[in-house]
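Structure at a glance
These are the residues of each chain, in order.
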Amino acid sequence: MSDYKITCCSTADMSYEFFKQNDIPLAYFHYILEGKEYKDDLGKTIPFDEFYKKIERGAMPTTSQISPEEYIELFESILKKDMDVLHITLSSGISGTINSANIAKKTLEDKYPNRKIYVIDSLGASSGYGLLVTLANEKKKEGKNIDEVAKWVLDNRLNIHHWFFSTDLTSYFRGGRISRTSAIFGTALKICPLLNMSYDGKLIPRNKYRGKNKVIEEIVKRMELHAKDGLDYCGKCYISHSACFEDARVVADKIEEKFKKLDGKVVINSVGTTIGAHTGPGTVALFFVGDKRED
């Protein structure tokens, strides 16, 4: 059986320790903050709390995709070792990075005709994308070959649910996703939008709730409604947050109280600098395996 590596992008928003322990190489996005370019390196160069404090003080970071050359460097470092590559990308619904990955794939297939290179759209983001990578890696550890794992990812990616809420609308206004009026009134009325990832990997606003407690209650209800086996859900549950750990912890506590059969405790990660450049502080995202996303 040919050996292979699973790779992904830094936007999977898992910890540095996770990628190191599981030997999952990364392709890194980049961001520009206060006129300087940085690698989205899981908070190593600029810690997450510092990054979000800069945004709160008015900084407006921008992000850039991974170039074909960077993907070539990543993939070729594996191919040179006579190993195949299964790369899972950030959702095409929010980024065009898969196009760069496919350019690299085509270039290297000509150079390494005896090797396999898969590039698969996760249709997910942040730690939901990370959950898909986690589960694919578990299939690899079970002994499944690259073709079997690639098929599993394609068959199961829409079963990873992504639900987000935000208590701070500032970055949504700055990024042009809502009007100044909506931001002002939304903030004054403590409106918290609830969003999820659609079947085509786009982030879609679903409802608006007045007050943090109400939106926390509603996001937990979404897991009750959609999780595989309902309250008997025995899979993994991940949460990511942007500088609002206390809110993430409240959600995690409620889930651990309701879902007694979880596979371990809820894992809480930080929303990384690429995703966080668009959400800003105050976002909590919930991820779990459930029914198929169809809208």
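Parameters at a glance
Residues numbered from 1 in each chain as written. Predicted model: local features only at pLDDT ≥ 70, side-chain atom pairs only at ≥ 80, totals over all residues. Heavy atoms only, no water. Buried < 20%, exposed > 50% of the residue type's maximum accessible area, 1.4 Å probe, protein only. Helix = DSSP H or I, 4+ residues; strand = E, 2+ residues; numbered from the N terminus. Pairing = 2+ DSSP bridges. Right-handed = clockwise from strand over helix to strand, strands pointing away. 1 Å grid on protein atoms, 1.4 Å probe; cavity = no way out; pocket = protein on both sides within 12 Å on 5 of 7 lines; lining within 4 Å. Points joined across faces, edges and corners; volume = space filled by probe spheres on them. Nonpolar A, V, L, I, M, F, W, Y, C, P; charged D, E, K, R; others polar. Axes fitted to C-alpha atoms, helices over the stretch in contact; angles between N-to-C directions. Parallel < 35°, antiparallel > 145°, perpendicular 65-115°, else oblique. Left-handed = near helix turned anticlockwise from the far one by under 90°. Contact = heavy atoms within 4.5 Å.

The next subject is the pairing of strand 6 (residues 84–89). Among the 6 residues that make up strand 6, 6 are buried, leaving the element largely enclosed by the rest of the structure. Covered by surrounding structure in strand 6 are D84, L86 and I88 together with V85, H87 and T89, the residues of both alternating faces. Alignment of strand 1 (residues 4–9) against strand 6, held across 5 bridges, turns out to be parallel. Across the sheet, residue C8 finds its bridge partner in strand 6, namely I88. Strand direction decides the pairing type here: strand 6 and strand 7 (residues 117–121), joined by 5 bridges, are parallel. The residue bridging V85 from the neighbouring strand is I117, located in strand 7. Considered for its hand, the β-α-β crossover made up of strand 6, helix 4 (residues 97–111) and strand 7 is right-handed.

Quantified by volume, the second largest pocket comes out at close to 240 Å³. Looking at the second largest pocket, it is lined by 13 residues, and the ones nearest its centre are K228, Y233, C234, G235 and V289. The dominant element in the lining of the second largest pocket, judged by the number of residues it contributes, is helix 5 (residues 126–141), at 3 residues. Looking at the lining of the second largest pocket residue by residue, the classes come out as 5 nonpolar, 3 polar and 5 charged.

Turning our attention to the packing of helix 3 (residues 68–79) against helix 4. The N-to-C vectors of helix 3 and helix 4 enclose an angle of 45°; their axes lie 8 Å apart at closest approach. In terms of orientation, helix 3 lies oblique with respect to helix 4. Seen along the crossing, helix 3 lies across helix 4 with a hand that is right-handed. Contact with helix 3, carried on its side by P68, Y71, I72, F75, E76 and L79, involves T97, S100, A101, I103, A104, K105, T107, L108 and K111 of helix 4 and no other residues of that element. Across the contact of helix 3 with helix 4, the residue classes break down as 9 nonpolar, 3 polar and 3 charged.

Across the sheet, 3 strands lie side by side as 4-3-5; this open sheet has antiparallel pairing. The sheet is open, and its two edges are formed by strand 4 (36–39) and strand 5 (62–64), each paired on a single side. In this sheet, adjacent strand axes meet at a mean angle of 30° when their direction is disregarded.

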